Structure formats: structure tokens, C-alpha cells
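# Fold and geometry: a report
Below, each chain spelled out in residue letters.
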Amino acid sequence: MTRGQLMLLLILTFGLLLTATGVVYSKYASRKQFVTLQMLRAERDAIEVEWGRLQLEQSTWATHARVEKIARKRLKMHIPAADEVVVVKP
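None of these values were measured; they are calculated from a predicted model.

### Some details on the overall build of the protein chain
Helix and strand counts for the protein chain come out as two helices and zero strands. Against the 2.2 N^0.38 benchmark of 12 Å for 90 residues, the protein chain shows a C-alpha radius of gyration of 36 Å, more extended than a compact globule. Looking at the protein chain residue by residue over its 90 residues, the buried ones come to 1%. When the accessible surface of the protein chain is totalled, it reaches about 9000 Å², and 67% of it is carbon and sulfur. Between the centroid of the 14 positive side chains of the protein chain and the centroid of its 8 negative side chains there is a distance of 12 Å.

Here's what the structure looks like:
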């Protein structure tokens, strides 16, 4: 082998090692990002479940029967009689 061929072989070997190292690092980073993605998806799913529960709770607290019951008990409200109704015209 001539000196030029030996130098070319060393450069190509070095390039091969750099490329192989890059591939290994890229695969590692890809797996790490995938794990992060899976954790974020699980967190999103948990938040969506909690959101559904909160919406159900809100609809329960806002039912007409409950609002009317609280209005009657706490605020002492009642349905007005016909003579108590006042109509305001613009």
C-alpha cells in the first residue's frame, strides 16, 4: 500500500467510526424522546379523565332541582303569585 492509500483508508475508517457513533446516538435520542412522548400521552389521558369527572360534577351541581332547592332554603326565594308580578315595558 502506498502512503496515499493508507491515508485514505485511515480517513475512511475514522469517518465510518464517526458515522456509527452518530447512528448509535441518534437511536438513543430517538428512544429517549419516545419515552418522553409516552409519558406525556399518559399524562394527557389522565388529565382528560379528570376533565370528564369535573364536567360531570359541574353538571350535577348545576341541575335545576338543586338550584331551586338552594334558592328556596338559603335565599328564601319562592315562585311569585300573580299579583306580585310586575311587567316592565321599555
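### Quick notes on a nonpolar patch on the surface
Among the surface-exposed residues, Met1, Leu6, Met7, Leu9, Leu10 and Ile11 lie close enough to one another that they form a single nonpolar patch of about 650 Å² accessible area. Inspection of the secondary structure puts Leu10 in helix α1 (residues 3–61). For Leu10, a relative accessible area of 52% corresponds to the exposed category.

### Remarks on the packing of aromatic side chains
Under the counting rule described, the total for this entry stands at one aromatic pair. Judged by centre distance (6.5 Å) and plane angle (45 degrees), the ring pair of Tyr25 and Tyr28 falls under tilted. Of this pair, Tyr25 and Tyr28 are both found in helix α1, three residues apart, which corresponds to roughly one turn of the helix. For the pair Tyr25 and Tyr28, one class covers both residues: exposed.

### Section: the pattern of salt bridges
Following the criterion strictly, the structure yields two salt bridges and no others. Asp45 is the partner of Arg44 in a salt bridge, and the nearest nitrogen-oxygen pair spans 3.2 Å. Residues Arg72 and Glu68 are paired through a salt bridge, measuring 2.7 Å at the closest nitrogen-oxygen approach. With a gap of four residues between them, Arg72 and Glu68 both fall in helix α2 (residues 64–73), about one helical turn apart.

Thresholds applied
- Residues numbered from 1 in each chain as written.
- Predicted model: local features only at pLDDT ≥ 70, side-chain atom pairs only at ≥ 80, totals over all residues.
- Heavy atoms only, no water.
- Helix = DSSP H or I, 4+ residues; strand = E, 2+ residues; numbered from the N terminus.
- Rg over C-alpha atoms; globule rule 2.2 N^0.38 Å.
- Buried < 20%, exposed > 50% of the residue type's maximum accessible area, 1.4 Å probe, protein only.
- Areas by Shrake-Rupley, 256 points an atom, 1.4 Å probe, with all protein chains shown as cover.
- Lys, Arg positive; Asp, Glu negative; His and termini not counted.
- Charge placed at Lys NZ, Arg CZ, Asp CG, Glu CD.
- Patch = residues over 30% accessible without salt bridge, like charges linked within 9 Å, V, L, I, M, F, W, Y side chains within 5 Å.
- Salt bridge = Lys/Arg side-chain N within 4 Å of Asp/Glu carboxyl O.
- Phe/Tyr/Trp six-rings, centres within 6.5 Å; stacked < 30°, edge-to-face > 60°.

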